[in-house]
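So the chains spell out like this:
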Amino acid sequence: MGVTRITQAGPPSEPAIEVRGLRRVFGSRTVLDDVDFTVQPGSVTGFLGPNGAGKSTTMRIIVGLDRPTAGVALIRGDSYRELVHPARQVGTLIDSSGFHPGRTARQHLLILADMIGTSSDRVDQVLADVGLLSDAGRRVGEYSLGMTRRLGLASAVLGEPDILILDEPSNGLDPAGIRWLRDRLKGFAAEGGTVFVSSHVLGEIAQVADKIIVIDHGRIIADTSIEAFTVDPVVVARSADPIRFTSVLRERGATIEMHGDELEIVGIAQDDVGLVAHETRIPLFALSSRAQTLEERFLRLTEEVDERVAS
Amino acid sequence: MNVLRAERRKLSSTWTTRALWFAAVVVVVAGDFTTVSSAEVDTLAGRLRDQPFHTLTSVNLSLFALLVGVRSTTDEYRYRTIGWTMLARHDRSRALAAKAVVAGCYGLLIGLTAQAIGISVALLTISGRGGRLDLDMGDVAAVAGLTLAAGIWAVLGVAVGVLVRNQVMAVSIAIVWVLAIENLGSAFLGTAGRFLPGQSAHGLAMAGGIDGPPPLIALGLLALYVALFGAMAAHQFDRRALSSVG
């Protein structure tokens, strides 16, 4: 499968997370196929992909909850299962609904503190940090979705790790909760921590991440900074003959979306679009360009991959 | 010690453990009282371990102790808390062993308290009806054996919970095994039926009226069952991809 691969050299330091040649096959279905990437320390890396692309499987393999068919996933050079105190080095939020509804938040964290081998004094500290101290004695079954997300994050940071691996942490959070999460992740990275986070809320990733890795159909299709990912502008044109103009531009390699009588064109510079209109004598009523959003670029890229896979 | 404390907290922080404990005591006491009340007075004599209520207690405690063990693992899968355990500990066999030790201790406690209250009620009822038991050291050994058997049942329950994972299925299997398959096995398997886990537990408890193996052989057999099921459970716990997580 030929896929676009955008790469950017990272700084020459030991990666916080390194994934090499990762492959995972379930029966006849290949969920991950030759996945390679690194996550540099002290950064926030967004892990994006459509549903079923392989994000959660990759994360589960990194933290030893699943085994790869081939390849390795390393945390500072060791597999998760080789880490002496794994939860003190890597804070993980994979299944944020994984709480016993009959236990209180404090009981859940005390159990976790015992398992991790960290002081029970940390429990109230993290409860206060995520804003749940006053609800710590309530059963988790009575919590809202947003509160369980906060408890999940409290669980992840309980062992004072310097790497966070978070799978869809913003799911179910209200706008205030999303902002709270964004501030926490930024603060964590500002103190030297490493965050590897998957999310469907692309706008949030754009605000918080230094770098993004995009996976689709089990393969990495982009691994770059957000600036590099969205560098191609969107050219917006209004034409007297949008059908013919679209056809002509597609022949020249452009990707086009029609919104009413407006064409959004990617892959050809604004000046070149004007020249094409002139050459083909198709009148234009308007021609401008704007920056591409992360969401637009992401959707275009995954659609391209879908088309290639389908063909 | 931290892992043991974590497992103790897990069992003690939910109401179902206390409910199972309470239910075990109520069922054992009710069984003892009913059995003694309905017996002919002239049979309410001799050794405690030969009394039908002791055998009934052995059956009842087998079931409740097994359920405590089953619950301790299937709860983790049912509520998806198993992921936290796996993420916190890379030595999963140790985590499973801690779970077995704590469940076993709960089995012992349930066995001891249920018998203490049940036997007291039975002795008072027997006395009230004009009967009299001649307790000896063999009866003490029978009570100790039954308590130990309850602990072992709870450990087996942990293994069953790992192997079956689905809570409803695991609980159903436990109930059908203790109340039906053991009886069918002892009736139709002949000598081999004596060596089933339930018959071995009754042998360890020296329960009268059941053709179980002698106590030491019963203990050895139960140890073999624990080793066999424990090894299978440890293998599953360690190797199985945790598709239920995430």
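The paragraphs below set out a description of the structure included in this document. Just so it is clear, the model here is predicted, and its values are computed rather than measured.

Another point: the overall build of chain A. Each helix and strand in chain A was counted, giving 11 helices and 13 strands. With 311 residues in all, chain A has 43% of them scored as buried. Across chain A, contacts joining residues at least 24 apart in sequence account for 70% of those joining residues at least 6 apart.

A word on the overall build of chain B. Along the backbone of chain B there are nine helices and two strands. Counting helices and strands in the order they occur from the N terminus, chain B gives α-α-β-α-α-α-β-α-α-α-α. Its C-alpha radius of gyration of 19 Å places chain B within 12% of the 18 Å reference for a compact globule of 246 residues. For the C-alpha atoms alone, the extent of chain B along its principal axes is close to 65 × 40 × 30 Å. If you take every contact in chain B between residues at least 6 apart in sequence, the share linking residues at least 24 apart comes to 80%.

Turning our eyes to something else, we now look at the environment of Gly131(A). You can see Gly131(A) is positioned in the loop between helix H4 (121-129) and helix H5 (145-157). The spacing of Gly131(A) and Asp66(A) is 65 residues in sequence and 32 Å in space, taken between C-alpha atoms.

The next subject is unusual backbone geometry. Notably, Glu160(A) is not glycine yet its phi reads approximately 50°, a positive angle. With respect to the secondary-structure elements, Glu160(A) resides in the loop between H5 and strand E6 (163-167). Given 16 C-beta atoms within a 10 Å radius, Glu160(A) is considered partly exposed. The residue Arg165(B) is not glycine, and still its phi comes out positive at about 65°. Taking the C-beta count within 10 Å as the criterion, Arg165(B) has 18 such neighbours and is therefore assigned partly exposed.

A few words on the interface of chain A and chain B. Where the parts come together, the accessible area they lose is often given as the size of the interface. Contacts between the two partners involve 31 residues from chain A, matched on the other side by 25 residues from chain B. Secondary structure elements with two or more residues in the side of chain A that touches chain B: helix H1 (55-62), helix H2 (86-89) and helix H3 (105-116) of chain A. Tallying contributions element by element places H3(A) first for the side of chain A that touches chain B, with seven residues. The residue makeup of the side of chain A that touches chain B, split by class, is 13 nonpolar, 10 polar and eight charged.

Turning our attention to the pairing of strand E3 (residues 44-48) of chain A. Residues and elements named next belong to chain A. A large share of E3 lies buried, amounting to five of its five residues. Burial along E3 is two-sided: the residues Val-44, Gly-46 and Leu-48 and Thr-45 and Phe-47 are all buried. With four bridges connecting them, E3 and strand E7 (residues 194-198) associate as parallel partners. Bridged to Val-44 within E7 is Val-195. For E3 and strand E8 (residues 211-216), the ladder comprises four bridges, and the chain directions are parallel. Of the residues in E8, the one forming a bridge with Gly-46 is Ile-212.

Attention now goes to the packing of helix H6 (residues 137-164) of chain B against helix H9 (residues 215-239) of chain B. Residue and element names in this part refer to chain B. Contact geometry for H6 and H9: axes closest at 8 Å, N-to-C directions at 20°. It follows that H6 is roughly parallel to H9 by the angle criterion. Crossing handedness for the pair H6 and H9: left-handed. When H6 is examined against H9, the residues Gly-145, Ile-152, Val-155, Leu-156, Ala-159, Val-162 and Leu-163 are found in contact with a partner set consisting of Pro-215, Leu-222, Tyr-225, Val-226, Phe-229, Gly-230, Met-232, Ala-233, Gln-236 and Phe-237. Residue composition of the contact of H6 with H9, by class: 14 nonpolar, three polar and no charged.

All names here are of chain B. Its 25 residues give H9 an end-to-end C-alpha distance of 36 Å, which sits within 8% of 36 Å, the value for a rise of 1.5 Å per residue. Of all the residues in H9, the buried ones are Pro-215, Ala-218, Leu-221, Leu-222, Tyr-225, Phe-229, Ala-233 and Phe-237. On its buried face, H9 sits against helix H5 (92-128), H6 and helix H8 (197-204).

What follows is about the sheet that holds strand E4 (residues 70-75) of chain A. All names here are of chain A. A sheet is described by the order of its strands in space; here three strands give the open sequence E2-E1-E4, paired in antiparallel fashion. For this open sheet the edge positions go to strand E2 (29-39) and E4, each flanked by a neighbour on one side alone. When strand polarity is set aside, the average angle formed by the axes of neighbouring strands in this sheet is 20°. Taken together, the five bridges between strand E1 (residues 17-26) and E4 define a ladder with antiparallel strand orientation. For Val-19, the partnering residue across the bridge sits in E4 and is Ala-73. Where H1 meets the sheet, its contacts fall on E1, E2 and E4, and the angle it forms with E1 comes to roughly 115°.

Moving on, we get to the packing of H3(A) against H4(A). Residue and element names in this part refer to chain A. Remark: H3 packs on H4, axes separated minimally by 9 Å, with the N-to-C direction vectors making an angle of 130°. Put simply, H3 runs oblique to H4. Of the two possible hands of crossing, H3 and H4 adopt the one that is right-handed. Between H3 and H4, the contacting residues are Ala-105, Arg-106, Leu-109, Leu-110 and Ala-113 on the first element and Arg-122, Val-123, Val-126 and Leu-127 on the second.

Turning our attention to the sheet that holds E6(A). Residue and element names in this part refer to chain A. The six strands lie next to each other as E5-E6-E7-E3-E8-E9, forming an open sheet whose pairing is mixed. Sheet topology places strand E5 (90-93) and strand E9 (219-225) at the edges, where each strand pairs with a single neighbour. Neighbour-to-neighbour, the strand axes of this sheet turn through a mean angle of 15°, independent of strand direction. Where E6 lies against E7, five bridges are found, and the strand directions are parallel. Following the sheet pairing, Leu-166 is matched in E7 by Val-197. Across the sheet, H5 touches E5 and E6, and the angle it forms with E5 is around 160°.

Our next topic: helix H7 (residues 167-188) of chain B. Residue and element names in this part refer to chain B. Helix length check: H7 (22 residues) gives 29 Å between terminal C-alpha atoms against 32 Å at 1.5 Å per residue, within 8%. Trp-177 marks the point of greatest bend in H7, at about 45°. Of the positions making up H7, those classed as buried are Ala-170, Ala-174, Val-178, Glu-182 and Ser-186. Considering only its buried residues, H7 is in contact with helix H3 (52-78), H6 and H8. Two residues or fewer after H7 comes Gly-190, characterised by a positive phi angle close to 65°.

What follows deals with the pairing of E5(A). All names here are of chain A. What you see with E5 is no split at all: Val-90 and Thr-92 on one side and Gly-91 and Leu-93 on the other are buried throughout. The sheet contact formed by E5 and E6 spans four bridges and is parallel. Note on E6: the bridge partner recorded for Thr-92 is Ile-165.

Rules and cut-offs
- Residues numbered from 1 in each chain as written.
- Chains lettered and ligands numbered in written order.
- Predicted model: local features only at pLDDT ≥ 70, side-chain atom pairs only at ≥ 80, totals over all residues.
- Helix = DSSP H or I, 4+ residues; strand = E, 2+ residues; numbered from the N terminus.
- Buried ≥ 20, exposed ≤ 12 C-beta atoms within 10 Å, placed from the backbone.
- Contact = placed C-beta atoms within 7 Å.
- Rg over C-alpha atoms; globule rule 2.2 N^0.38 Å.
- Nonpolar A, V, L, I, M, F, W, Y, C, P; charged D, E, K, R; others polar.
- Pairing = 2+ DSSP bridges.
- Axes fitted to C-alpha atoms, helices over the stretch in contact; angles between N-to-C directions.
- Parallel < 35°, antiparallel > 145°, perpendicular 65-115°, else oblique.
- Left-handed = near helix turned anticlockwise from the far one by under 90°.
- Expected span 1.5 Å × (residues − 1).
- Bend = angle between axes of the 7 residues up to and from the residue.

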